[in-house]
Amino acid sequence: MLQQEFTSVNIEEFFDSDTDKNNDFSTDIVVLTEQENALVNKLFDKLKTASPETLQGLTDRIAQMKRLAANITHFPSLLQRQIVMGETRTQYTLIEALLVHRDGDKMLHLPSKATLGKGFLVVKYHTFASMIRLAEAANMEKKDVKAFQSATSAILFTLMAEDVYMDLIDDTSIPLDIRRQIAFSLIILWEHRHDQTVLDAAPVLQAVWEARRNLAPAFGTMVGTSELLLISIQMDEDWNAFLKAKLGDKEISQAMEEFLFGLSYEQIQTLKTTLREQGISAIGRDEISAFLGQPIKTDLTSDLRDFYMLYTVRRDNARVRKRLNIPGPHNTLEDHYMRFILERNKEKQHNDVYAK
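Each chain has its residues counted from 1, running along the sequence as written. Note on the predicted model: pLDDT of at least 70 is required for a residue's local features to be given, and 80 or more for side-chain atom pairs to be given and counted; whole-chain, interface and lining totals, by contrast, use all residues. Calculated side-chain values reflect all of the structure's heavy atoms, with hydrogen atoms and water omitted.

A. A look at the overall build of the protein chain. Under the DSSP-based scheme used, a helix requires at least four consecutive residues in state H or I and a strand at least two consecutive residues in state E, with every element numbered from the N terminus. A count of helical and extended segments in the protein chain gives 16 helices and 2 strands. Type-normalised accessible area, obtained with a 1.4 Å probe on protein chains alone, sets the label of each residue: buried when under 20%, exposed when over 50%, and partly exposed for intermediate values. Evaluated residue by residue, the protein chain yields a buried proportion of 47% over its 356 residues. What makes two residues a contact is simply this: any of their non-hydrogen atoms within 4.5 Å. If you take every contact in the protein chain between residues at least 6 apart in sequence, the share linking residues at least 24 apart comes to 72%. Note on areas: Shrake-Rupley with a 1.4 Å probe; residue coverage comes only from the protein chains shown. Summed over all atoms, the accessible surface of the protein chain reaches about 18,400 Å², with 53% contributed by carbon and sulfur.

Next up, the structure:
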């Protein structure tokens, strides 16, 4: 009975056409990338026989995503010239506006399409997170389940990238031409809710998170050398190039310690002082709360939402230190890694031009 009531839906309806993809002035949000489209097709095929009623619910959810993206697309494009109250606005004027430093929450200074699009990504993240569970329940191949997990993490890192880009744009230690490039990348992200730089960096950041989750930091000297080595062994050449080039920087090593230990710079300094004064060489995870006099969550789950939540804590702490100009990292590890990738890409482009 359920199978007879089910109305088939063509997944291609949720995927941008080739014409849209090749249009430099497309204002479309990317609902599903080519890779995501192929994955969802596989799950649709599996659910046709395994659970038609679940398939109907999933097609309805994706249709809602499509409608939401279409509604956001009705707002003015950030890539096209507009005249508002006699003032000409282009992507270039928006870039210059983004480069103006403003303390506090910038939400009311951002284009409507930017703020609405973030909601779309949250919906997309929840949709793909549910598809991981559906893929597992439908006994899809392990490689397909893993592909769903990777796609979901890429969506989360795209969400995170917006905050990273905003922090980097405000960082006046970065050359102006690089900051302009970052501002343009942010506009592209707002326009399409898709970012190739994020897709390049996401697998590395996810791998770092997985390695961080699986290792057990030795809260002794609080230097984290052994933990760093364990993480590095599992990483690709991009991550190791980043460590080789940047870990000598005090700011970056402090950001790395916060990431490794899951503690703030201030908490790490308190622990270091306490252990040194009491002559204690090492403590266990379960002892940290007692030493700091406050509940500390040191066990990490595989839920990517935990990664994002802990990132936002480090991000907010870094912003406070930067605003008050007090000791400790003024940027997160993710900020530093994304900056490294962007600067390296800029250098490659420069070298390619002169090589011709």
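So much for the structure itself; the text now carries on.
B. Main features of the pattern of salt bridges. Between Lys or Arg on one side and Asp or Glu on the other, a salt bridge is scored when a side-chain nitrogen of the former is within 4 Å of a carboxyl oxygen of the latter. What the rule picks out here adds up to 21 salt bridges. Here glutamate 96 and arginine 180 are joined by a salt bridge, their closest N and O atoms 2.8 Å apart. Residue glutamate 96 is located in helix α5 (residues 91-98), and its partner arginine 180 is located in helix α8 (residues 176-192); the two are separated by 84 residues in the primary sequence. One salt bridge connects arginine 305 with aspartate 303, and the closest N-O pair in it is separated by 2.7 Å. We classify arginine 305 as partly exposed; its relative accessible area is 48%. Of the residues examined, aspartate 303 reaches a relative accessible area of 25% and is grouped as partly exposed. Several salt bridges share partner residues, and in doing so they unite Lys42, Glu141, Lys143 and Asp144 into one network.

C. The arrangement of the packing of helix α7 (residues 142-169) against α8 in detail. Convention adopted: a line fitted to C-alpha atoms gives each axis, helices being fitted over their contacting stretch, and angles between N-to-C directions are expressed from 0 to 180 degrees. Interhelical geometry of α7 versus α8 gives an angle of 150 degrees and a closest axis separation of 9 Å. In this view, α7 runs roughly antiparallel relative to α8, as classed from their interaxial angle. For the element pair α7 and α8, the recorded crossing hand is left-handed. On α8, the residues touching Thr158, Ala161, Glu162, Tyr165, Met166, Leu168 and Ile169 of α7 are Arg179, Ile182, Ala183, Ser185, Leu186, Leu189 and Trp190. In this classification, the charged set is Asp, Glu, Lys and Arg, the nonpolar set is Ala, Val, Leu, Ile, Met, Phe, Trp, Tyr, Cys and Pro, and all remaining amino acids, among them Gly, are polar. The residue makeup of the contact of α7 with α8, split by class, is 10 nonpolar, 2 polar and 2 charged. Working rule for angles: under 35 degrees goes down as roughly parallel, over 145 as roughly antiparallel, 65 to 115 as roughly perpendicular, anything else as oblique. Crossing handedness is defined as follows: a turn of the near helix away from the far one that is anticlockwise and smaller than a right angle gives a left-handed crossing, while the clockwise case is right-handed.

D. Structural detail: the environment of glutamine 254. Examined against the element boundaries, glutamine 254 turns out to sit in helix α12 (residues 250-261). C-alpha separation for the pair glutamine 254 and leucine 333, spaced 79 residues apart in sequence, amounts to 8.8 Å. Apart from the residues lying within four places of it in its own chain, the contact partners of glutamine 254 are Tyr265, Gly328 and Pro329.

E. Expanded view of unusual backbone geometry. With a phi angle near 55 degrees, arginine 193 is a residue other than glycine that sits in the positive phi range. For arginine 193, the position within the fold is in the loop between α8 and α9 (196-214). Even without being glycine, asparagine 325 reaches a positive phi, approximately 55 degrees. Position of asparagine 325 among the secondary structure elements: in the loop between α15 (304-324) and α16 (333-355). Asparagine 325 sits in the exposed class, given a relative accessible area of 63%.

F. Looking closely at the packing of aromatic side chains. Here the aromatic set is Phe, Tyr and Trp, taking the six-membered ring for Trp, and pairing holds for ring centres within 6.5 Å; pairs whose planes are under 30 degrees apart are stacked, those over 60 apart are edge-to-face, and all others are tilted. Inspection of the entire model under this criterion finds 7 aromatic pairs. Their ring planes at 50 degrees and their centres at 5.6 Å tell us that tryptophan 239 and tyrosine 337 sit as a pair that is tilted. Pair noted here: tryptophan 239 is in helix α11 (residues 237-246) and tyrosine 337 is in helix α16, with a separation of 98 residues, a long-range link. Residue tryptophan 239 shares its accessibility class with tyrosine 337, and that shared class is buried. Three or more aromatic residues link up through ring pairs in this structure, and these residues are Trp239, Phe242, Tyr337 and Phe340.

G. Structural context of the nonpolar core. Among the buried residues, those of types Ala, Val, Leu, Ile, Met, Phe, Trp, Tyr and Cys that are joined through side-chain atoms within 4.5 Å form a nonpolar core. Of all hydrophobic cores here, the largest spans 82 residues; its most connected members are Phe148, Tyr165, Trp190 and Trp239. Looking at this core, the element that brings in the most residues is α7, giving 14 residues. Leave out the neighbours within four places in its chain, and phenylalanine 148 touches Leu39, Val40, Leu43, Phe128, Met131, Ile132, Ala135 and Met140. Of all hydrophobic cores here, the second largest spans 9 residues; its members include Leu263, Ile268, Leu275 and Ile296.

H. Structural context of the side chain of arginine 321. Tracing the sequence through the fold places arginine 321 in helix α15. Leaving out residues up to four positions away in the same chain, arginine 321 has contacts with Glu258, Ser264, Tyr265, Glu266, Ile326, Pro327, Gly328, Pro329 and His330.

I. Seen up close, the packing of helix α3 (residues 34-50) against α7. With their axes 11 Å apart at the nearest point, α3 and α7 run at an angle of 135 degrees to one another. Judged on the interaxial angle alone, α7 and α3 are oblique. α3 and α7 meet at a crossing whose hand is left-handed. Along its contact with α3, which presents Glu36, Leu39, Val40, Lys42 and Leu43, the element α7 presents Lys143, Asp144, Ala147, Phe148, Ala151 and Ile155.

J. Structural detail: α3. For α3, built from 17 residues, the straight-helix expectation of 24 Å at 1.5 Å per residue is met to within 8% by its first-to-last C-alpha distance of 25 Å. What α3 keeps buried is the set Glu36, Asn37, Leu39, Val40, Leu43, Phe44 and Leu47. Each buried residue of α3 sits inside an arc of 160 degrees when the element is viewed along its axis, so together they form one side. Seen from the open side of α3, the exposed residues pointing more than 90 degrees away from its buried face are Glu34, Gln35 and Thr49. Between the first and last residue of a helix there are one fewer steps than residues, each counted as 1.5 Å, and that sum is the expected span. By arc we mean the arc of the directions from the helix axis to the C-beta atoms, nothing more.

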